[in-house]
Amino acid sequence: MPEAYRRTLTRQISQHAHSEIVGMLPEGNWITRAPSLRRKAILLAKVQDEAGHGLYLYCAAETLGTSREEMIEALHSGKAKYSTIFNYPTLTWADIGAIGWLVDGAAIMNQVPLQRTSYGPYARAMVRVCKEESFHQRQGYEIMLALANGTAEQKRMAQDALNRWWWPSLMMFGPPDADSPNTAQSMRWRIKRETNDELRQKFVDITVPQADFLGLEVPDSDLKWNEEKGGYDFGEIDWEEFYAVVRGEGPVAKERMKARRDAWENGAWVREAAAAHEAKHRARKAA
Ligand code: FAQ
């Protein structure tokens, strides 16, 4: 396998894995405060699914020769990135609806083509991930539907969540193609099957009618249907904000990294006990 292909894949898959794991934190914040037992059970299952996605992805990346410990060390030292979206706070219950609808919606848009990525273990992991993300997207949209059709205050909460999550969701697709250092090569290697801008456009085209159905307004005064291209024109993304969040300056970036480092340290005894159990088991089998 060409070394550069391996490096690019390890970078993308491990960062994808980190995103799934860090991505548990914003929603985890609301498990104890979900408004009903049904919502709590659903949210708990969703957050557990994200943990599973992280684990499949770490396994896929490990097949390329980097250990789990090395990848996690890269995340904790700030060397490896994770998706910018998870550096924003979840302020109200409506944010849980907006995350499912928009963040999982954007994740699916990006991940469906990755089922055809050129590296088999990554492509196969994506098949199950996409099925689960699709459930996540629907549960988020259903929360938004309930709020948008609820009291005036609930509808206001839904609109406020859309206002705060819309632009960061568009940033999830990465920089514009012209400023994306990795896209051209990754397209040639068929690691990426569609470019950042192509996926972002598809996401906008699918999501705007969903916002209309909710009776909510997308916070973009430049948003306009373009008959000729058969898609929406939309306003300029604040790329300064994107790059600041990528640099680790997101609103809750420090809390996110602290939570992950604490979880790693507090879980050390579990890893040690599992390793000791496995060694004892192996020794007994050999005896
Ligand atoms: N955040 O040249 P490109 C989810 C970095 S999963 C942070 O365009 P590339 C599920 C990029 O790494 C969400 N950094 O890079 C869920 C590169 O820096 P590097 C994650 C970003 O790789 C839902 C530099 O900028 N999904 O949400 C971002 O060709 C709800 C230049 O960019 C994936 O990871 C960003 N948004 O394209 C979980 C999907 N964008 O690495 C919980 C797989 C760019 O050279 C709750 N990944 N950068 O130092 C991909 O498709 C690609 O890696 C892209 C970036 C499209 C993210």
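Here, every reference points to the structure presented above.
What you see is a predicted model, and the numbers here were worked out from it, not measured in a lab. (Residues numbered from 1 in each chain as written. Predicted model: local features only at pLDDT ≥ 70, side-chain atom pairs only at ≥ 80, totals over all residues. Heavy atoms only, no water.)

Draft legend 1. Structural context of the overall build of the protein. Helix and strand content of the protein: twelve helices and two strands. Taken from N to C terminus, the helices and strands of the protein fall in the order α-α-α-α-α-α-α-α-α-β-β-α-α-α. For the protein, the C-alpha radius of gyration of 20 Å lies close to 19 Å, the compact-globule estimate for 287 residues. The principal-axis extents of the C-alpha atoms in the protein amount to approximately 70 × 50 × 30 Å. The contacts of the protein with a sequence gap of at least 6 include a subset with a gap of at least 24, amounting to 78%. Only carbon and sulfur atoms are counted for the fraction: they give 56% of the accessible area of the protein, which is about 14600 Å². Of note, the protein has its 38 positive side-chain charges centred 8 Å away from the centre of its 39 negative side-chain charges. (Helix = DSSP H or I, 4+ residues; strand = E, 2+ residues; numbered from the N terminus. Rg over C-alpha atoms; globule rule 2.2 N^0.38 Å. Contact = heavy atoms within 4.5 Å. Areas by Shrake-Rupley, 256 points an atom, 1.4 Å probe, with all protein chains shown as cover. Lys, Arg positive; Asp, Glu negative; His and termini not counted. Charge placed at Lys NZ, Arg CZ, Asp CG, Glu CD.)

Draft legend 2. Examining empty space enclosed by the protein more closely. What the rule picks out here adds up to one cavity of 30 Å³ or more. What the largest cavity holds in volume is close to 30 Å³. As for the largest cavity, its lining consists of Arg39, Ile42, Leu43, Trp93, Gln139 and Ile143. Elements supplying a minimum of two residues to the lining of the largest cavity: α3 (37-62) and α6 (120-148). Ranked by residues supplied to the lining of the largest cavity, first place goes to α3 with three residues. Residues of the lining of the largest cavity, tallied by class, amount to four nonpolar, one polar and one charged. (1 Å grid on protein atoms, 1.4 Å probe; cavity = no way out; pocket = protein on both sides within 12 Å on 5 of 7 lines; lining within 4 Å. Points joined across faces, edges and corners; volume = space filled by probe spheres on them. Nonpolar A, V, L, I, M, F, W, Y, C, P; charged D, E, K, R; others polar.)

Draft legend 3. Structural detail: the side chain of aspartate 104. Of note, aspartate 104 is situated in helix α5 (residues 94-111). Classification of aspartate 104 as buried rests on a relative accessible area of 4%. A distance of 2.9 Å separates the side chain of aspartate 104 from the side chain of lysine 46, its partner in a polar contact. Filtering out sequence-adjacent residues up to four positions away, aspartate 104 remains in contact with Lys46, Glu50, Ile99, Glu133, His136 and Gln137. (Buried < 20%, exposed > 50% of the residue type's maximum accessible area, 1.4 Å probe, protein only. Polar contact = N/O pair within 3.5 Å; in protein donor to acceptor, adjacent residues only side chain to side chain.)

Draft legend 4. Quick look at the site of the ligand. As a matter of local geometry, the ligand sits amid 36 residues, with Arg11, Lys81, Ser180, Lys192 and Asn196 nearest to it. Contact between the ligand and serine 180: an oxygen atom at 2.8 Å from a side-chain N or O atom of the residue. Between the ligand and lysine 192, the relevant distance is 2.6 Å, taken from an oxygen atom to a side-chain nitrogen or oxygen of the residue. Every element with two or more residues in the shell around the ligand is listed here: α1 (3-22), α3, α5, α6 and α10 (239-249). For the shell around the ligand, the element with the most residues is α1, which contributes six residues. Class assignment of the residues belonging to the shell around the ligand gives a composition of 13 nonpolar, 14 polar and nine charged. (Near = heavy atom within 4 Å.)

Draft legend 5. A look at the pattern of salt bridges. Under the definition given, this model contains 17 salt bridges. Among the salt bridges present, the one from arginine 6 reaches glutamate 3, with a minimum N-O distance of 3.5 Å. Here arginine 6 and its partner glutamate 3 are both found in helix α1, three residues apart, which amounts to about one turn of the helix. Accessibility expressed as a relative area gives 46% for glutamate 3, which makes it partly exposed. Here glutamate 194 and lysine 202 are joined by a salt bridge, their closest N and O atoms 2.9 Å apart. (Salt bridge = Lys/Arg side-chain N within 4 Å of Asp/Glu carboxyl O.)

Draft legend 6. Just the packing of α6 against helix α7 (residues 152-171), in detail. One way to put it is that α6 packs onto α7 with a least axis distance of 7 Å and a crossing angle of 140°. By the criterion of interaxial angle, the relationship of α6 to α7 is oblique. Contacts between α6 and α7 involve Met144, Leu147 and Ala148 on the former and, on the latter, Gln154, Lys155 and Ala158. The residue makeup of the contact of α6 with α7, split by class, is four nonpolar, one polar and one charged. (Axes fitted to C-alpha atoms, helices over the stretch in contact; angles between N-to-C directions. Parallel < 35°, antiparallel > 145°, perpendicular 65-115°, else oblique.)

Draft legend 7. Representation of the layout of surface pockets within the structure. Space inside the second largest pocket adds up to approximately 350 Å³. Looking at the second largest pocket, it is lined by 16 residues, and the ones nearest its centre are Leu55, Arg68, Ile72, Arg260 and Trp264. Mapped by element, the contributors of at least two residues to the lining of the second largest pocket are α3, α4 (68-76), α11 (253-266) and α12 (268-286). With five residues, α4 is the largest single contributor of residues to the lining of the second largest pocket. Split by residue class, the lining of the second largest pocket holds ten nonpolar, two polar and four charged.

Draft legend 8. Inspection of the packing of aromatic side chains at higher detail. All chains considered together, the criterion is met by nine aromatic pairs. Ring centres of tryptophan 239 and phenylalanine 242 lie 5.3 Å apart, and the angle between their planes is 85°; on these two criteria the pair is classed as edge-to-face. Of this pair, tryptophan 239 and phenylalanine 242 both sit in helix α10, three residues apart, roughly one helical turn. Of the two residues, tryptophan 239 and phenylalanine 242, both sit in the buried class. A relative accessible area of 7% places phenylalanine 242 in the buried class. Chaining the aromatic ring pairs together yields one cluster made of Trp166, Phe173 and Phe203. The cationic tip of arginine 33 hangs over the ring face of tryptophan 30; the distance from NZ or CZ to the ring centre is 4.0 Å. (Phe/Tyr/Trp six-rings, centres within 6.5 Å; stacked < 30°, edge-to-face > 60°. Lys NZ or Arg CZ within 6 Å of the ring centre and 35° of its normal.)

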